[in-house]
Amino acid sequence: MTKIGIYPGSFDPVTLGHLDIIQRSMSVVDRLIVAVSDNDSKNHMFDSATRVKLIEESISTLNEGLKDRISVEKFDHLLVDYVKSKKSKIIIRGLRAVSDFEYEFLMTGMNRKIDNDIETIFLMSSEKYHFISSRFIKEIHRLGGDISSSVPKPVLDFLEKI
Ligand code: ADP
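Keep in mind that this is a model prediction, so the values were computed, not measured.

Draft legend 1. Representation of empty space enclosed by the protein. Scanning the model with the defined rule gives one cavity of 30 Å³ or more in all. Roughly 40 Å³ of volume is contained in the largest cavity. What lines the largest cavity is simply V80, I91, T108, N111, R112, D115, I118, E119 and T120. Among the secondary structure elements, those contributing two or more residues to the lining of the largest cavity are α5 (98-114) and β5 (119-124). Looking at the lining of the largest cavity element by element, the count peaks at three residues for α5. Classifying every residue of the lining of the largest cavity by side-chain character gives three nonpolar, three polar and three charged.

Draft legend 2. Fine view of the sheet that holds strand β3 (residues 70-75). The five strands are arranged β3-β2-β1-β4-β5 in an open sheet whose pairing can be described as parallel. Looking at the sheet topology across the chains shown, the edges are occupied by β3 and β5. Pairs of neighbouring strands in the sheet enclose a mean axial angle of 30°, with direction left out of account. When strand β4 (residues 90-95) meets β5, the two strands line up parallel, connected through six bridges.

Draft legend 3. Layout of the site of the ligand. Taken together, 18 residues lie near the ligand, and Y7, S10, K42, G94 and S125 sit nearest. Between the ligand and Y7 there is a distance of 2.7 Å, counted from an oxygen atom to a side-chain nitrogen or oxygen. In isolation the ligand has 550 Å² of accessible area, and contact with the protein removes 90% of it. Of all the cavities here, the one that holds the ligand is the largest pocket. When residues of the shell around the ligand are traced back to their parent elements, those giving at least two are β1 (4-9), α1 (16-25), β4 and α5. Partitioning the shell around the ligand into residue classes produces seven nonpolar, six polar and five charged.

What counts, and where the lines are drawn
- Residues numbered from 1 in each chain as written.
- Predicted model: local features only at pLDDT ≥ 70, side-chain atom pairs only at ≥ 80, totals over all residues.
- Heavy atoms only, no water.
- 1 Å grid on protein atoms, 1.4 Å probe; cavity = no way out; pocket = protein on both sides within 12 Å on 5 of 7 lines; lining within 4 Å.
- Points joined across faces, edges and corners; volume = space filled by probe spheres on them.
- Helix = DSSP H or I, 4+ residues; strand = E, 2+ residues; numbered from the N terminus.
- Nonpolar A, V, L, I, M, F, W, Y, C, P; charged D, E, K, R; others polar.
- Pairing = 2+ DSSP bridges.
- Axes fitted to C-alpha atoms, helices over the stretch in contact; angles between N-to-C directions.
- Near = heavy atom within 4 Å.
- Polar contact = N/O pair within 3.5 Å; in protein donor to acceptor, adjacent residues only side chain to side chain.
- Areas by Shrake-Rupley, 256 points an atom, 1.4 Å probe, with all protein chains shown as cover.
- Sits in = over half its atoms within 2 Å of the grid points.

Below, the structure written as structure tokens:
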């Protein structure tokens, strides 16, 4: 049976940390859907279509065997319902520091209350990406700092144009 994983998030914008988690998850699942949340309750800098496009462009730089198994979609349902609609039972999330733990712990607990059959798998990014977050990328870029070692080339090109 094909193991399908769902990697949900805001990806506002996608970073090298996210890309590292995407690549690592490909040794755990056969197919991965990067699910971009289209949720109005969060204040996103980029609209969901742009966030999807930037992930697709970033993935296109990966090797054939990987990128052919990855797709990118928007979702605005309850995550657990979305995961089931994709015939998946696996949620992928990334961990950086202890500070991520509490939020991820609560989210996994809530999802488990809704559906106990869905497992969340946590992957740690490479240590060189531990300090990268979309929030800081936006802040550093806004203040004119260099973010070239933290985001994929398509994101860098896009941010330089705006
Ligand atoms: P959300 O708003 O759902 O937290 P994000 O786009 O911020 O969405 O993150 C999606 C997932 O990727 C989360 O599990 C987050 O912890 C993880 N993540 C983000 N940046 C990194 C990174 N640099 N290293 C490892 N995991 C990361």
